[in-house]
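# A look at the structure
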Amino acid sequence: MRSLQRDESRARFDLLSVTAYDVTLDLRNEETFESTTVIELVSQGGSTFLDIKPVTLTSIAVDGTGLPVEALAEGRYPLDLPPGEHRIVVEAQMGFRNDGEGLHRAVDPADGAAYVYQMSFMSAAPSVFACFDQPDLKAPYTLHVRAPESWIVVANAAGEQVGPGQWEFVASEPLSTYFVSLVAGPYHRIAGHHDGIDLGLLCRASMATALEKDADELFRLTGQCFDEFHRLFGIRYAFGKYDQAFVPEFNAGAMENPGCVTFREGLLFTTRVSRSLRIQRATTLAHEMAHQWFGNLVTPTWWDDLWLNEAFAEYMGNRVTAEVTEFSEALVWASLARKNWGLTADSRPSTHPVAGTGALDADAALQDFDGISYSKGHAVLTQLAHRIGDEVFFNGVRDHFELHRFGNATMADLFGSWEAAGAGDLGPWTSAWLRTAGLDRIDLDRASGELVRTAPVGTAVERTHALSLAMWDGGSWQSSRVRVEVDRTPVPVSAEAAVVLDSDDTAWADLTIDPVTAAALPDLMGRTTDPLLRATIWNTARNGVHHSRLDPAAAVALICAGVPQEEQDAALTALGLWAGDDGDGTRGAVHEKLLAVVRDPDDARARIHDAFLDRAFSAPQNSDLQLVAIQGALATATDPAELSSFLDRGLFPALEIDPGLRWRALKRLTSLGATDRDELDRALADENDAKTQIAHAWCRARLADPDAKAWAWQRFTGEVSASNYEIEAIGTGMWQTGHDDLLAPYVERYFDEVAGTTAVRTGWVLADAALFFYPITSITGTTLRRTDELIADEALNKSMRRVLIDAGDELRSRLRTRKRYAG
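Keep in mind the model is a prediction, meaning the values are calculated, not measured. (Residues numbered from 1 in each chain as written. Predicted model: local features only at pLDDT ≥ 70, side-chain atom pairs only at ≥ 80, totals over all residues. Heavy atoms only, no water.)

### Examining the packing of aromatic side chains
Remark: the centre distance and the inter-plane angle together describe each pair of aromatic rings, the angle taken between the planes. Stated precisely, the cut-off is as follows: In this analysis, rings of Phe, Tyr and Trp, with Trp reduced to its six-membered ring, are considered paired at centre separations within 6.5 Å, and the interplanar angle assigns stacked below 30 degrees, edge-to-face beyond 60, and tilted for intermediate values. A run of H or I in DSSP counts as a helix once it spans at least four residues, and a run of E counts as a strand once it spans at least two, with each numbered from the N terminus. Note on exposure labels: buried denotes an accessible area under 20% of the residue type's maximum, exposed denotes more than 50%, and partly exposed covers the range between, all computed with a 1.4 Å probe on protein chains only.
Applying the stated criterion across every chain, the model contains 48 aromatic pairs. Measuring from ring centre to ring centre gives 6.4 Å for Phe233 and Phe394, while their planes differ by 50°; the resulting arrangement is tilted. In this pair, Phe233 is assigned in helix α2 (residues 208-233) and Phe394 in helix α8 (residues 390-403), connecting sequence segments 161 residues apart. Side by side, Phe233 and Phe394 carry an identical accessibility label, which is buried.

See below:
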């Protein structure tokens, strides 16, 4: 299907004004559904096209005159609309999808019940109903749904069941097409109310117990966030009721659909989780609520300003969670869980400015929906808020909301409101931080006693950094601040003292732990108690390893010293993902890099495992710290007998081994070659639900036998259909270091066959599959060469090219580390 071009959207906006949509859906079949769309509009007179991606286009009529259905091509139906009012009626048969987009249908293995939800972002709405699919052609929607009689249906606007299986909804406020949503199935729904707003929580029936258990927390967080957003913005929530649905096989963390927010089902906890995961859920909830104003009430005119949606929601979600909810440590969590995502993205060849990317079409815009838009955008908006102050910041935001209520706006509109509120000329700051890509590198030059700033190659703009420094004085950390405005900035540091740059975690720069500090830190971690300082140390170590400027052996020493003293479960979670062997090419960087360059890799792996195990034994029994330390110990375990003892409750007799922990152990046993298909099948039969099925798929792909790899590859090529979650699990499970001979044929097949997967996938999952099945464990020059050759192919799909650029950069990093530190 063709992607909408920016010039096409401008032309269509100038031609059309959409008055209303009326959509009727019949969801009673299993593979397809009937969709009837009535569109009322006003045309200035001219030619355009309607977006629709059906299985079968049944009929189309304009002002009562039927048109030939054969004219549909590549998801577009050409129209010639004279000046004046028009009524378009489209009847079509649409297909349910299993890739997390459009109208996604999933069957719960726990009870066989089917569940449906709509994900219209970014260009999936036409696979549900006929529309003019672009963000600036907003209109109200009236929805009518026929569904199985046992189902409930919720959508953006309020609705009710008017007969068996018949649901009617009032007209919504004006919405962009990518916000239109419904959730339908035998969902369990809990009703609530706060400050005049009707609330709802939904999940699959088999997860009802988990939702009931957490409903008070979720409603409390929702109410606290509504109160704070009302106070800060001075404008009430505008979309009536507010449902929050936990839905199966969801691609993103959540989607901010007005009045009908959808969440990744993993954020509803059916097994025990740590506090850090509850913080993640709370910040996600607050993030989506912030979108109800920024993104929903006022929507970007085009996709190149989508970063503003996400940066604003990230900033407000983290801030409000920390300031008004029980999760006051949310900013420490955000540093540990999110910052390196953005720093790494900003250092890759695919880096791009936060703003002004152009985004010539929707597909190109989707590739910039990344750690730069979220994490760097959050960092620079935080910087801006500190620069201009809360009064100016929120006065400008309120003005923006009032001027463009239920409409669309641009970055220039928002910055105009801030400048009018008293921010002054933001042009130089915008040029430095929003329109300039990449990271400044800042190093401590001990010989000269200076901080050395190095801008990205080809960057003409100079950026100022307000940087905190922590220096060990022999008994404690002493903090100071310095402004880095030129390339060399004097700083008063002792030649032998450990120094941590950005100790309060406010900078956005490429930082490294210098050799003197790296040598000293293992002895100092036990006396380093400030959570943000520790978070900065961990983040800087991860960044240094990625850029091959910190010896993996030093990183191992730091982990082994710091983990047993760590008090933040968010830190232990991040370190477990970083140091563990989970088979995901985007994680496990220390594990992959130390294998080839540490003198005794088996000893290094054992020491990392022992560090997590020590923390598990020393943490308070059944505490969150103990739980995440155990998870880290499982991810780094090397002894199958120890894992078996864990499953038999020999290591932690008082610990409940729930399915979450059991499958972590089974995954590690599979990686160690200590289990087989029969044992995995028996475990699944004992605990068969959506989450254990995904864990089982990962394990099956991980098995070290040719049949398992062939089974996995059939899912990649599309020979056998697989859902979006199965694609992720199977792809990340398939590749494992140490199985080069077994996997070698698939390295070659990947480069020969990945481009052809466009025939079986589209959208989000197309790029995801290319990433998850990338042979990241084949750390050779030949694999890198094949990657670069494929990137250079002009016919390659844009989204595939983007993930291959990033995967190739990670492979270069691993090769660079081996060259620099091996031997």
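### Section: the pairing of strand β23 (residues 450-454)
Formally: Strands pair, by our definition, only if DSSP identifies at least two bridges between them.
Within β23, four of the five residues are buried, leaving the element largely enclosed by the surrounding structure. Bridge count between strand β22 (residues 441-445) and β23: five bridges; the pairing is antiparallel. Residue pairing across strands places Leu444 opposite Leu451, the latter belonging to β23. The sheet contact formed by β23 and strand β26 (residues 488-490) spans three bridges and is antiparallel. Within β26, the residue paired with Glu450 across the bridge is Pro490.

### Quick word on the sheet that holds strand β9 (residues 114-119)
Worth spelling out the cut-off: An axis is simply a line fitted to the C-alpha atoms; with a helix, the fit covers only the stretch in contact. Between two such axes, the angle follows the N-to-C directions and lies from 0 to 180 degrees.
Spatially, four strands are ordered β8-β9-β14-β11 in an open sheet, and the strand pairing comes out antiparallel. The sheet terminates laterally at β8 (102-107) and β11 (152-155), the two strands that pair on one side only. Mean inter-strand twist for the sheet, computed between neighbouring axes without regard to direction, equals 10°. Summarising the sheet, β8 and β9 pair through six bridges and their orientation is antiparallel. When the bridges of β9 are listed, Ala106 appears paired with Tyr115.

### Some remarks on helix α18 (residues 640-647)
Our working definition: Definition of a polar contact: a pair of N or O atoms within 3.5 Å, with one able to donate and the other able to accept a hydrogen when the atoms are protein atoms, and with sequence-neighbouring residues admitted only if both atoms are side-chain atoms.
Capping the start of α18 is the job of one residue whose side-chain oxygen sits 3.0 Å from the backbone nitrogen of Ala641: Asp639. Just downstream of α18 lies Arg649, where phi reads positive at about 65°.

### Points about the pattern of salt bridges
Note the following rule: Salt bridges are counted wherever a side-chain nitrogen of Lys or Arg sits within 4 Å of a carboxyl oxygen of Asp or Glu.
For the structure shown, the criterion picks out 54 salt bridges. Across the pair Glu8 and Arg76 runs a salt bridge whose closest N-O atoms are separated by 2.9 Å. Of the two residues, Glu8 sits in helix α1 (residues 6-15) while Arg76 sits in strand β6 (residues 76-81), which places them 68 residues apart along the sequence. Here Glu8 matches Arg76 in class, with each residue buried. Between Glu323 and Arg319 there is a salt bridge, and its shortest N-O distance comes to 3.3 Å. Taken together, the residues span about one helical turn, with Glu323 and Arg319 both in helix α4 (residues 306-324) at a distance of four residues. One network of salt bridges, with partners in common, ties together Glu748, Asp752, Arg785, Arg786 and Glu789.

### Focus on the packing of helix α25 (residues 763-772) against helix α27 (residues 798-821)
Selection criterion: Small angles under 35 degrees read as roughly parallel and large ones over 145 as roughly antiparallel, with 65 to 115 read as roughly perpendicular and the rest as oblique. Here a crossing is called left-handed whenever its near helix is offset anticlockwise from the far helix by less than a right angle, and right-handed whenever the offset is clockwise. The contact rule is simple, with two residues in contact once any of their heavy atoms fall within 4.5 Å. Ten residue types, Ala, Val, Leu, Ile, Met, Phe, Trp, Tyr, Cys and Pro, are classed as nonpolar, four, Asp, Glu, Lys and Arg, as charged, and the remainder, Gly among them, as polar.
α27 packs onto α25 with a crossing angle of 30° between their chain directions and a minimal axis gap of 9 Å. Here α27 runs roughly parallel to α25, going by the angle between their axes. Of the two possible hands of crossing, α25 and α27 adopt the one that is right-handed. Along the contact surface, α25 presents Leu766, Ala767, Ala770 and Leu771, while α27 presents Ser799, Met800 and Val803. Its residues placed into classes, the contact of α25 with α27 shows six nonpolar, one polar and no charged.

### Regarding the sheet that holds strand β28 (residues 510-511)
The strand order across the open sheet built from four strands is β26-β23-β22-β28, with neighbouring strands paired in mixed fashion. Taken across any chain shown, the strands that pair with only one partner, and hence form the sheet edges, are β26 and β28.

### Remarks on the nonpolar core
The condition that has to hold: Only buried residues count toward a nonpolar core, which is a set of Ala, Val, Leu, Ile, Met, Phe, Trp, Tyr and Cys residues joined through side-chain atoms within 4.5 Å.
Formed by 193 residues in total, the largest nonpolar core has its most connected members in Phe132 and Trp418. Considering each element in turn, this core owes the most residues, eleven residues, to α2. Trp418 has contacts with Leu381, Leu384, Ile388, Val392, Phe393, Gly396, Val397, Ala423 and Leu426, leaving out every residue within four places of it along the chain. The next biggest cluster of nonpolar side chains, apart from the first, holds 35 residues, and it includes Trp711, Val747, Phe751 and Ala770.

### Remarks on the packing of helix α7 (residues 371-388) against helix α9 (residues 411-423)
Axis separation between α7 and α9 bottoms out at 12 Å; the angle between their running directions is 25°. With respect to α9, the element α7 is oriented roughly parallel. In this structure, α7 meets α9 at a crossing whose hand is right-handed. Contacts between α7 and α9 involve Leu381, Leu384 and Ile388 from the former and Phe415, Trp418 and Ala423 from the latter. Each residue belonging to the contact of α7 with α9 can be placed in one class, and the counts come to six nonpolar, no polar and no charged.

### Observations concerning empty space enclosed by the protein
As a reminder, the rule being used: Using a grid of 1 Å spacing that covers the protein atoms alone, one calls a set of points a cavity when a 1.4 Å probe fits there but cannot get out, and a pocket when the set is open and has protein on both sides within 12 Å along at least five of seven lines; lining residues are those with an atom within 4 Å of a point. Grid points are joined across faces, edges and corners, and a volume is the space filled by probe spheres set on the points.
As enumerated under the stated definition, the model contains nine cavities of 30 Å³ or more in all. A volume near 130 Å³ is recorded for the largest cavity. Forming the walls of the largest cavity are 16 residues, and the residues nearest its centre are Tyr141, Leu143, Ala155, Asn156 and Val180. Only β1 (16-26) and β10 (141-146) provide two or more residues apiece to the lining of the largest cavity. The element best represented in the lining of the largest cavity is β10, accounting for three residues.

### Here's the deal with α4
Note the following rule: In this analysis, the expected span of each helix is defined as 1.5 Å times one less than the number of residues it contains.
An ideal rise of 1.5 Å per residue puts 27 Å on 19 residues; α4 measures up with 27 Å between its terminal C-alpha atoms. Across the 19 residues of α4, 17 count as buried, placing the element largely inside the fold.

### What about the side chain of Arg97?
Inspection of the secondary structure puts Arg97 in the loop between β7 (84-95) and β8. Only 3.5 Å separates the side chain of Arg97 from the side chain of Thr762, close enough to count as a polar contact. Contacts of Arg97, omitting those with residues within four sequence positions, involve Gly102, Leu103, His104, Arg105, Ala124, Ser127 and Thr762.

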